[in-house]
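Summary of structural features
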Amino acid sequence: MAGIYIHIPFCRRKCHYCNFFSLASRKLKEPFLAALKHEIAETRDYLSGEPVHTIYFGGGTPSVYEPQVLQEIMEWAATTSPLDPEWSKTTSPPDLSWAATTSPPDPSPEGEGSEVSGIGREITIELNPEDVTEAYVAALKSTWFNRFSLGVQSFSDNDLVSLNRSHSAMQAVRAVKLLQGAGYDNISIDLIYGIPSSPPARWLENLDTAFSLGVPHISAYALTVEPKTPLAWMISHQKSAPVSDEMQVNQFSVLMEQTKKNGFLQYEISNFCKPGRHAVHNTSYWNGIPYLGLGPSAHSFNGTSRRWNIANLSHYIDGMQKGVPRFEEELLSPAQKYNEYVMTSLRTMWGCSGDKVRSDFGFAAYKMFRQAALPMISKELLVETSGVYFLTEEGKLFADQVASDLFMV
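Below you will find a few notes about this structure. In this text the structure is predicted, and so the values were computed from the model without any measurement. All residue numbers here refer to positions counted from 1 along the written sequence of the relevant chain. Under the rules for a predicted model, residues below a pLDDT of 70 receive no local features and side-chain atom pairs below 80 are neither given nor counted, while totals for whole chains, interfaces and linings still include all residues. Derived side-chain values reflect all non-hydrogen atoms in the structure, with water molecules and hydrogen atoms excluded from consideration.

**Remarks on the overall build of the protein**
We count a stretch as a helix when DSSP gives it H or I for four or more residues in a row; a strand needs E for two or more, and each element gets its number in order from the N terminus. If you tally the helices and strands in the protein, you get 15 helices and 15 strands. Each residue's exposure class comes from its accessible area (1.4 Å probe, protein chains only) as a fraction of the maximum for that residue type: buried when under 20%, exposed when over 50%, partly exposed otherwise. Counting over 409 residues, the protein shows a buried share of 53%. We call two residues contacting when some pair of their heavy atoms lies within 4.5 Å. Long-range contacts, defined here as pairs at least 24 residues apart, represent 70% of the contacts in the protein between residues at least 6 apart. Accessible surface for the protein amounts to roughly 17,900 Å². Of this, 53% is attributable to carbon and sulfur atoms. Residue exposure ignores everything except the shown protein chains as possible cover, and the areas themselves are Shrake-Rupley values with a 1.4 Å probe.

**A few points about unusual backbone geometry**
A cis geometry characterises the amide bond from G59 onward to G60, with omega recorded as 20°. If you trace the backbone, G60 turns up in the loop between β2 (52-59) and α2 (67-80). The phi dihedral of Q153 is positive, around 70°, even though this residue is not glycine. Mapping Q153 onto the fold places it in strand β4 (residues 147-153). Given a relative accessible area of 7%, Q153 falls into the buried group. Although it is not a glycine, Q238 sits at a positive phi angle of roughly 55°.

**Brief notes about the nonpolar core**
Nonpolar side chains in soluble globular proteins tend to end up buried together. In this structure, F32, F57, I73, L150, L179 and I189 are the most contacted members of the largest nonpolar core, which totals 81 residues. In this structure I73 touches I6, I8, L33, L36, I40 and F57, once residues within four positions along its chain are discounted. The criterion is simple. A nonpolar core is a set of buried Ala, Val, Leu, Ile, Met, Phe, Trp, Tyr and Cys residues joined through side-chain atoms within 4.5 Å. Core analysis: the next-biggest nonpolar cluster, separate from the first, contains seven residues, I192, L231, I235 and V243 among them.

**Here we look at the packing of aromatic side chains**
Two aromatic rings, drawn from Phe, Tyr or Trp (for Trp, its six-membered ring), form a pair once their centres lie within 6.5 Å of each other, and the interplanar angle then sorts them: stacked below 30 degrees, edge-to-face above 60, tilted otherwise. Inspection of the entire model under this criterion finds 17 aromatic pairs. Ring centres of F57 and F145 lie 5.3 Å apart, and the angle between their planes is 75°; on these two criteria the pair is classed as edge-to-face. Here F57 is found in strand β2, whereas its partner F145 is found in the loop between α4 (134-140) and β4, with 88 residues between them in sequence. The burial state of F57 is the same as that of F145; both residues are buried. A connected cluster of aromatic rings, assembled from ring pairs, spans F10, F32, Y65 and Y316. Two thresholds decide whether a charge sits over a ring: the Lys NZ or Arg CZ must be within 6 Å of the ring centre and within 35 degrees of the ring normal. When the ring centre of F327 is taken as origin, the NZ or CZ atom of R307, which lies over that ring, is 3.7 Å away. Taking NZ or CZ as reference, R358 lies 4.6 Å from the ring centre of Y366, over its face.

It is worth stressing that arrangement in space is one thing and function is another; only the former is reported here.
Laid out in structure tokens, this is it:
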């Protein structure tokens, strides 16, 4: 199985914290579509005939396009890429409702279930709340989309202004209810914690609002100060308070406590779901499943190498027009593959399998891994259960450091 990621590089405005490739200008919307269509045709063999089970429209803001345009993009892919036969036989929306009930196994006491099974078909679109109107939702009914990821970030207008978001708290709540009213229930919302201007009590209010809306999936991320972003400039020029590590640790702890209390599984460090409602596409990333990335700055992975398109829209379009796609590519070394497996698996509820390390990377790699893990087990950052290694609650606070200490250099 495999996935397709489609990067739509347009936004209404740039958020202060964002370092993803996107443009506030939309003057190249039509040339971009032509270039994207060309790229789909050019990359039809990238996945070597592996059937595609997930498609994810991200950005940027995919909802700057009308649903019928996004549906057309999917239909291009259905006729030029090796998609699941159910999608390529017809342009009518297939019945994909069963995908929402497909769940990965819980980690067993014996350490089994470290691999994800039962992955179904899922087609996701990222939506900005202000784009979710009654007319837009009605138009979505004629598309294949069966999962919706809303960039809420906060249910506080003060937070949204500080982040330079283009929607209001009321629009965020209304967007969820409009989708639910149309019969969609596979809805995820993104939230940000550690906002310097936001009092700690507001984070709990944000979570309470999310729980009250009945969404089955929440992605929550610490506010990160990325270089060359407006937020970095504002902090360096004392226009904004700096991000507090202590505040973020406290709010992450509240996040883990409150999601568990409300019946959510923390299946990945930043992702929480009701049982059986994990994000299939993103889970594929964490389990090393191949995917094709389309659009400027999009990344692809075929199991042996990784490639990434140029993060420049004009150059991306020019390259496609001239039949010379502009991307970089690297063949992954055994050490890189090992490091990626350790880093991604430890972030998930399925953990890092010692047996997989040994079988995929050799006994020497397993011995090194085991020796490096022992001190972290003694510090109660890791726990081992029948050969599978999991981050503890404390370890989740230091996930990147724990993973790097296990890396092969």
